[in-house]
Amino acid sequence: MAQDPQTLRFYAEEAAAYTTRGQAASQPRLEAFLSHLPAGSAILELGCGAGQDSEFMLARGFKVRPTDGTPEIARAAEVRLGVPVATLLFGDLDESMTCDGIWANACLLHIPRAELPGILARIHAALTPGGVFYASFKAGEADGRDQFDRYYNYPSEDWLRGLYAALPWASVTLEAEHGSGYDKKPTDWLHVTAQKPRN
Ligand code: SAM
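Residue positions within a chain follow its written sequence, with the count starting from 1. A pLDDT threshold of at least 70 governs which residues receive local features in this predicted model, and a stricter bar of 80 or more applies before side-chain atom pairs are shown or counted, although totals over entire chains, interfaces and linings include all residues. To obtain the side-chain values, all non-hydrogen atoms of the structure were included, while hydrogens and water were left out.

Under an unreviewed UniProt entry, the name given to the chain is SAM-dependent methyltransferase, and the source organism is Elstera litoralis.

Laid out in structure tokens, this is it:
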């Protein structure tokens, strides 16, 4: 099962507070991601939360499909964005070469470790040749839960590199960054951008 029930319960119960806390779009990372894509490319956002990143990409003229696995969150994003936001669990992504870009900011970090290879394979399959995939993770050495009982896979840099290496990417770029999150605690982030081969 590529979802964690306690984590989804947190987002369902906290949807109103979580989606109205004024979270800013991840602008520099979005700019870098979009720079790989031709104007008007089709982008799937997974785990869109309040929708601020989709909002940014829509404003740049991209064909964005925002989604989230928590119905309450997807509804809130839909009201904000004024475009349909599908409720999509990562494990239900089942598409072949439909997306030029896939944006997954701070959401795949909730997938149980054993399920991550299967979800990355689904994402790889959904990308068009040359398609670009961005995801960010909270770094660590072993999986666990935070103070809100949300599950995190907490990968190390090496563990994550090994995971991506199992799929035929043309390039994989990993950047480490020190920052924070909803819990306001100091957090080590890993940002991964991968590109599918052009043919
Ligand atoms: N990407 C947004 C952002 O950067 O603000 C939201 C990040 S929030 C930490 C994680 C999001 O992932 C939540 O909106 C949650 O509903 C969603 N999520 C958690 N587990 C999921 C799953 N199994 N499938 C799809 N979405 C999931």
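Of note, the phi angle at Met97 is positive, near 55°, even though the residue is not glycine. Within the secondary structure, Met97 sits in the loop between strand E3 (86-87) and strand E4 (99-104). Under the relative-accessibility criterion, Met97 is labelled partly exposed at 47%. Unusually for a residue other than glycine, Tyr154 sits at a positive phi of about 40°. Secondary structure elements are defined from DSSP: runs of H or I of at least 4 residues count as helices, runs of E of at least 2 residues count as strands, and each element is numbered from the N terminus. Relative to the assigned elements, Tyr154 resides in the loop between strand E7 (151-152) and helix H7 (157-165). Three exposure classes are used, based on accessible area relative to the maximum for each residue type with a 1.4 Å probe and protein chains only: buried under 20%, partly exposed in between, and exposed over 50%.

What follows concerns the pattern of salt bridges. We define a salt bridge as a side-chain nitrogen of Lys or Arg found within 4 Å of a carboxyl oxygen belonging to Asp or Glu. All chains considered together, the criterion is met by 9 salt bridges. Here Arg60 makes a salt bridge to Glu31, at a shortest N to O gap of 3.0 Å. Remark: Glu31 occurs in helix H3 (residues 27-34) and Arg60 occurs in the loop between helix H4 (52-59) and strand E2 (63-68); sequence separation between them is 29 residues. A relative accessible area of 30% means that Glu31 is categorised as partly exposed. Linking Glu95 and Arg65 is a salt bridge whose minimum nitrogen-to-oxygen distance equals 2.8 Å. Residue Glu95 is found in the loop between E3 and E4, and its partner Arg65 is found in strand E2; the two are separated by 30 residues along the sequence. The exposure class assigned to Glu95 is partly exposed, which follows from its relative accessible area of 22%.

This part takes up the nonpolar core. Side-chain atoms within 4.5 Å link the members of a nonpolar core, which is a set of buried Ala, Val, Leu, Ile, Met, Phe, Trp, Tyr and Cys residues. Counting 34 residues, the largest nonpolar core has Leu46, Ile102, Leu108, Phe133, Phe137 and Tyr164 as its most contacted members. Listed by contribution, the elements that provide at least two residues to this core are E4, helix H6 (116-126), strand E5 (127-138), H7 and strand E9 (187-195). Ranked by residue count, the leading element in this core is H6, at 5 residues. Apart from residues no more than four positions distant in its own chain, Ile102 is found in contact with Phe33, Leu44, Leu46, Ile123, Ala126, Leu127, Val132, Phe133 and Tyr134. Two residues form a contact once any of their heavy atoms are found within 4.5 Å.

All right, on to the site of the ligand then. We call a residue near a molecule or strand when any one of its heavy atoms sits within 4 Å of it. The environment of the ligand is made up of 20 residues, and the closest members are Gly47, Gln52, Asp68, Thr70 and Asn105. Interatomic distance of 3.4 Å between a backbone N/O atom of Ala2 and a nitrogen atom of the ligand. At 3.1 Å, a backbone N or O of Phe90 approaches a nitrogen atom of the ligand. Two N or O atoms form a polar contact when they lie within 3.5 Å of each other; inside protein one atom must be a possible hydrogen donor and the other a possible acceptor, and for residues adjacent in sequence the pair counts only when both atoms belong to side chains.

What follows deals with the packing of aromatic side chains. Any two of the Phe, Tyr and Trp rings considered here, Trp counted by its six-membered ring, make a pair once their centres fall within 6.5 Å; the pair's planes then place it as stacked at under 30 degrees, edge-to-face at over 60, or tilted in between. Enumeration according to the criterion identifies 9 aromatic pairs in this entry. Their ring planes at 15° and their centres at 6.0 Å tell us that Phe133 and Tyr164 sit as a pair that is stacked. Taken together, the positions of Phe133 in strand E5 and Tyr164 in helix H7 put the pair 31 residues apart, joining distant regions of the chain. Accessibility expressed as a relative area gives 0% for Phe133, which makes it buried.

A separate point is the packing of H6 against H7. A fitted line through C-alpha atoms represents every axis, and for helices the fit uses only the stretch in contact; the resulting angles, taken between N-to-C directions, go from 0 to 180 degrees. At a closest axis distance of 10 Å, the pairing of H6 and H7 adopts a crossing angle of 50°. Relative to H7, H6 is oriented oblique. Along this stretch, H6 crosses H7, giving a crossing that reads as right-handed. Two secondary-structure elements touch here, H6 through Leu116, Pro117 and Leu120 and H7 through Trp159, Leu163 and Tyr164. Nonpolar residues are Ala, Val, Leu, Ile, Met, Phe, Trp, Tyr, Cys and Pro. Charged residues are Asp, Glu, Lys and Arg, and all others, Gly as well, are polar. Of the residues belonging to the contact of H6 with H7, the class tally is 6 nonpolar, no polar and no charged. Note on angle classes: values under 35 degrees are labelled roughly parallel, values over 145 roughly antiparallel, values of 65 to 115 roughly perpendicular, and the remainder oblique. By the definition used in this description, the sense in which the near helix is turned from the far one sets the handedness, with an anticlockwise turn below a right angle giving left-handed and a clockwise turn giving right-handed.

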